[in-house]
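Chain by chain, the residues run as shown.
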Amino acid sequence: MGYEIIDETIKNPIVSVAMLTYGHIDYIKQAIESVLIQETNFPIQLVIAEDCSPDNTREIVKEYQKKYPHIIKLILQDVNVGAIENNHVLLENLDGYYIAPLEGDDYWSDSKKLQQQVDFLEQNLEYNLIYTDARYFTQKTQKFDLQRTQQISGFDDLLVKNRIFTLTTCFRREVLDSYLKEDYENLKTLPFGDYSLWLHATIHGKAKYLPIVSSVYRILEESASHSKDINRIVDFEEKINTCRMYYLNKYYTGDKEQLKKKLLGSKTLSIVRLTLLNENEEVFQKYKGDLKYIANYKYKYYLIYSLGKINFKIFVKIYNALRKK
C-alpha cells in the first residue's frame, strides 16, 4: 500500500485545511469551494486526502488541484485504506502553523471563519484551540438545525462532555505535533481522531468558544457517529468512553474514582436513551446494571435510574411522554 502526493502549494502556509474524503461526489465541490472563498490576509493550504473512492470524487479533486495548484495539495491513496489510516497520512502532511479540519461532505458557511480564528490565536497565546457554533443539515429531510455550543471551562469539563464541533475548529500546529508524539499510538484504533485531540489540546492550554455560526455539518444516514444500526452507535459510545478513560487515567489529577463513575453515567445515559428511542429491550438489558451510574452523572437523571427498574415497555411510554413535554 502507498500513496501519491501532488504538492505545488506555497511554502509555509499560515493555515492548513485538513480534508478527508471518500465517496463524496455529491458534496466535495461545496466543501472545496467553501475553503477557496475564505477571505484572509495570509496564505492557506488545502490538503485533501482521497481514499480511492468508488465514485468520481478523485477526478473532481484532481481537477480542482490543477485549477488551484498554489492552494491545493493532494494525497491520493493507491488502494482504499480506511478513514483511520487515511487520516494518519493526512495529519503527517500538513504544513501550516495552524490547522483547520473540514471533511469532504461538510462545508464552511462564513467566509471570514479562518481570519477571525487566526486573529484570536495570534493575540492570545495561552489558547490552543478555537471553535464556533454550527448548523446541522440532514440530507434526508433537507432541513437545517442550528446547533449552539458553549464555552468549556477546561480539560475536566471536556472530559465529561464533548462540546466542540470538529469542522468549526482551528488549532495550533504544536498541539498536533505533541499529540502524535505523546498519545496518538494509544488511541489510533478509535473511529475518531478529533475528540482525543481536543482533550490533548486542553491539557496544555485553553480552548475558546467564538459565538458565530461558521459551518454546516451534513448528517448522512450512515456514518461513524450516525447510523440506523443501534449496535454501531452503541459501539461508538463505548469507543468514546475508552478515550475518556485513557485521558482520565493518564492526566486527571482529581478524584479519579468519582469522575470515573460520572463518565460511566454519561455513557450509560447516551446508550439508554438510544434503547428507549429505538425501543430495543435487548441492548437495554445489557446496560441495565449500569443505570446506577446515571444518578451519579447528574441528579436530574435520577428518574431514569428509578424507572429502569420497571417493565421496559412501560418505561418507554413514560420516557417518551416526558420527552415530549
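Structure shown above.
Residues numbered from 1 in each chain as written. Predicted model: local features only at pLDDT ≥ 70, side-chain atom pairs only at ≥ 80, totals over all residues. Heavy atoms only, no water.

1. A look at the environment of Leu269
- One can find Leu269 in helix H10 (residues 256–277).
- For Leu269, a relative accessible area of 4% corresponds to the buried category.
- Leu269 sits 22 residues away from Leu291 along the chain, and the two C-alpha atoms are 7.8 Å apart. (Helix = DSSP H or I, 4+ residues; strand = E, 2+ residues; numbered from the N terminus. Buried < 20%, exposed > 50% of the residue type's maximum accessible area, 1.4 Å probe, protein only.)

2. Overview of helix H3 (residues 83–91)
- Every buried residue of H3 is accounted for by Asn86, His88, Val89, Leu90 and Leu91.
- If you follow the buried residues of H3, they end up packed against strand E1 (3–6), strand E2 (15–21), strand E3 (44–50), strand E4 (72–77), helix H6 (173–182) and helix H7 (184–187). (Contact = heavy atoms within 4.5 Å.)

3. A word on the side chain of Lys267
- Inspection of the secondary structure puts Lys267 in helix H10.
- On the accessibility criterion, Lys267 (7% relative accessible area) is buried.
- Not counting chain neighbours up to four residues away, the residues in contact with Lys267 comprise Glu237, Glu238, Asn241, Tyr287 and Asp290.

4. Quick notes on the pairing of strand E10 (residues 206–219)
- In terms of burial, E10 is a largely internal element, 10 of the 14 residues being buried.
- As paired strands, strand E6 (residues 107–108) and E10 are joined by two bridges and run antiparallel to one another. Each bridged residue has a counterpart across the sheet, and for Trp108 the counterpart in E10 is Ser215. (Pairing = 2+ DSSP bridges.)

5. Quick notes on the side chain of Glu237
- Structurally, Glu237 can be placed in helix H9 (residues 230–251).
- Lacking a salt bridge, the buried Glu237 has Arg244 as its closest oppositely charged neighbour, with an N-O distance of 5.6 Å.
- Sequence-distant contacts of Glu237, defined by excluding residues within four places in its chain, comprise Lys267, Ser270 and Ile271. (Lys, Arg positive; Asp, Glu negative; His and termini not counted. Salt bridge = Lys/Arg side-chain N within 4 Å of Asp/Glu carboxyl O.)

6. Here we look at the pattern of salt bridges
- All told, the structure shown has 11 salt bridges when counted by the stated rule.
- Note that Lys250 is salt-bridged to Asp183, the shortest N-O span being 2.9 Å. Residue Lys250 is found in helix H9, and its partner Asp183 is found in the loop between H6 and H7; the two are separated by 67 residues along the sequence.
- Residue classification places Lys250 among the partly exposed residues on the basis of a relative accessible area of 42%.
- The buried category is assigned to Asp183, whose relative accessible area is 0%.

7. Concerning the pairing of strand E5 (residues 98–101)
- Residue alternation in E5 divides its side chains into two sets, Tyr98 and Ala100 and Ile99 and Pro101, and both sets are buried.
- Where E5 meets strand E9 (residues 170–172), two bridges bridge the pair, whose relative direction is antiparallel. Within E9, the position partnered with Ile99 by the bridge is Phe171.

By themselves, these are just geometric observations and shouldn't be taken as functional.
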